[in-house]
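# Architecture and fold: a report
In case you want the letters, here they are:
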Amino acid sequence: MDITSTMEHLSTAAWKLPNACDYKGEDGLLYCGKCHTKKEGRYPFGDRMIQVHLMCKCEHDRYEAEKKERERQERIEAIERMKATCIHDRHLMECTFARDDGTLPQIASAKRYVETWRERKANNDGLLLWGDVGCGKTFYAACVANALIEEGVSVLMTNFSKILNKLSGLYSDDKNEFIRSMMQYSLLIIDDFGIERNTEYALEQVYNIIDERYKTKLPLIVTTNLSLNSLKNPEDTAHKRIYDRVLSMCVPVKFLGINHRTKEAEGKIKSCRAIFEGSVE
């Protein structure tokens, strides 16, 4: 089979059966009966004219719509994979602005942080979210993380307990490499800062990571149950050098109000009363 015959064979094989409403035009070519655009074309190939299948406007629009849907699904899957990798507590992947119930007044500033991310990154603007347990600090930070990841920003949200557990199984050179690898993220979010072990080794590693963010001029968001007064007046030198670094990088944001965890627990108890006929206290 020569090349011309091969081309004709392939083009014929690619044709779809015409729809009942398709018709032949005056030029002898097939037209779509819906959009009235060509479904066939003739083109020179060597010393002959070959007839090939064309996408009519209907087919082209359908192809583009399917392409966009595939790309949308691929983007969603890519974002989900990134979240699973970069947000170490899976339940935090569900913390989004869309799920905000309106009881957290600080959430407006979280949205502004995301909206002005390029400026925040350029200025190395970090946040220190402090206040009592259950007042929404972690939700706030996770909303920022999820929103930025959805925009393609590299974010890591974790806590020092997980980091220290990871470091404890590494040799010295590997520890340094692990700490450096955390600088590949445009934003690092440390949740529950202050609950990690207070050993000399642990405090040194905490300082190393925060100091590396400081030196590389990359933003840091920290959530903590420690009071601002405790952070400004630490108990010893080891804590002072860590807290001073955090305060120099992060703007304090105070969280007050209802304990959302207590409110959630009360809601569960109330719903269970209906099942257990009031026997739940």
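## Topic: the overall build of the protein
Counting secondary structure elements, the protein contains 11 helices and 9 strands. Burial status across the protein gives 37% buried among its 281 residues. Taking contacts inside the protein between residues at least 6 apart in sequence as the whole, the part at least 24 apart equals 70%. Of the roughly 16700 Å² of accessible surface on the protein, 52% is carried by carbon and sulfur atoms.

## Some words on the packing of aromatic side chains
All told, the structure shown has 5 aromatic pairs when counted by the stated rule. Residues Tyr23 and Tyr31 carry aromatic rings whose centres are separated by 5.7 Å and whose planes lie at 10° to one another, so their mutual orientation is stacked. Note on Tyr23: relative accessible area 32%, which makes it partly exposed. Joined through ring pairs, the aromatic side chains of Phe160, Phe193 and Tyr243 make up one cluster. The ring of Tyr207 is capped by Arg241, whose NZ or CZ atom sits 3.7 Å from the centre of that ring.

## Here's the deal with the side chain of Asn159
Mapped onto the secondary structure, Asn159 falls in the loop between strand S6 (155-158) and helix H6 (160-168). We classify Asn159 as buried; its relative accessible area is 11%. In this structure, Asn159 is in contact with Asp89, Ile190 and Asp191, ignoring residues within four places of it in sequence.

## Describing the sheet that holds S6
Sheet architecture is open: 5 strands sit in the order S6-S7-S8-S5-S9, paired in parallel fashion. Looking at strand neighbours, the two that pair on one side only are S6 and strand S9 (250-255), the edges of this open sheet. The sheet shows a mean angle of 15° between the axes of neighbouring strands, taken without regard to direction. Sheet topology places S6 next to strand S7 (residues 187-193); 4 bridges connect them, and they run parallel. The residue bridging Thr158 from the neighbouring strand is Ile190, located in S7.

## Considering helix H10 (residues 237-249)
With 13 residues, H10 should reach 18 Å at 1.5 Å per residue; the first-to-last C-alpha distance of 19 Å fits that figure. Structurally, H10 contributes buried residues whose contacts are with strand S5 (126-131), S7, helix H8 (200-215), strand S8 (220-224), helix H9 (228-232) and S9. Put simply, Asp236 is the residue that caps the front of H10, since its side-chain oxygen is 3.3 Å from the backbone nitrogen of Ala238.

## As for the confidence of the model for the protein
Mean pLDDT for the protein: 86, with 85% of residues reaching 70 or above. Summarising per-element confidence for the protein, the mean pLDDT is lowest in helix H1 (residues 3-14) (51) and highest in S8 (97).

## Topic: helix H3 (residues 107-115)
Considered for burial, the residues of H3 that qualify are Ile107, Ala110, Tyr113 and Val114. Buried residues of H3 fall within an arc of 105° about the axis and therefore sit on the same side. In this fold, the buried residues of H3 make contact with helix H4 (117-122), S5, helix H5 (137-150), S7 and S8.

Cut-offs applied
Residues numbered from 1 in each chain as written. Predicted model: local features only at pLDDT ≥ 70, side-chain atom pairs only at ≥ 80, totals over all residues. Heavy atoms only, no water. Helix = DSSP H or I, 4+ residues; strand = E, 2+ residues; numbered from the N terminus. Buried < 20%, exposed > 50% of the residue type's maximum accessible area, 1.4 Å probe, protein only. Contact = heavy atoms within 4.5 Å. Areas by Shrake-Rupley, 256 points an atom, 1.4 Å probe, with all protein chains shown as cover. Phe/Tyr/Trp six-rings, centres within 6.5 Å; stacked < 30°, edge-to-face > 60°. Lys NZ or Arg CZ within 6 Å of the ring centre and 35° of its normal. Pairing = 2+ DSSP bridges. Axes fitted to C-alpha atoms, helices over the stretch in contact; angles between N-to-C directions. Expected span 1.5 Å × (residues − 1). Polar contact = N/O pair within 3.5 Å; in protein donor to acceptor, adjacent residues only side chain to side chain. pLDDT = per-residue confidence, 0-100. Arc of directions from axis to C-beta.

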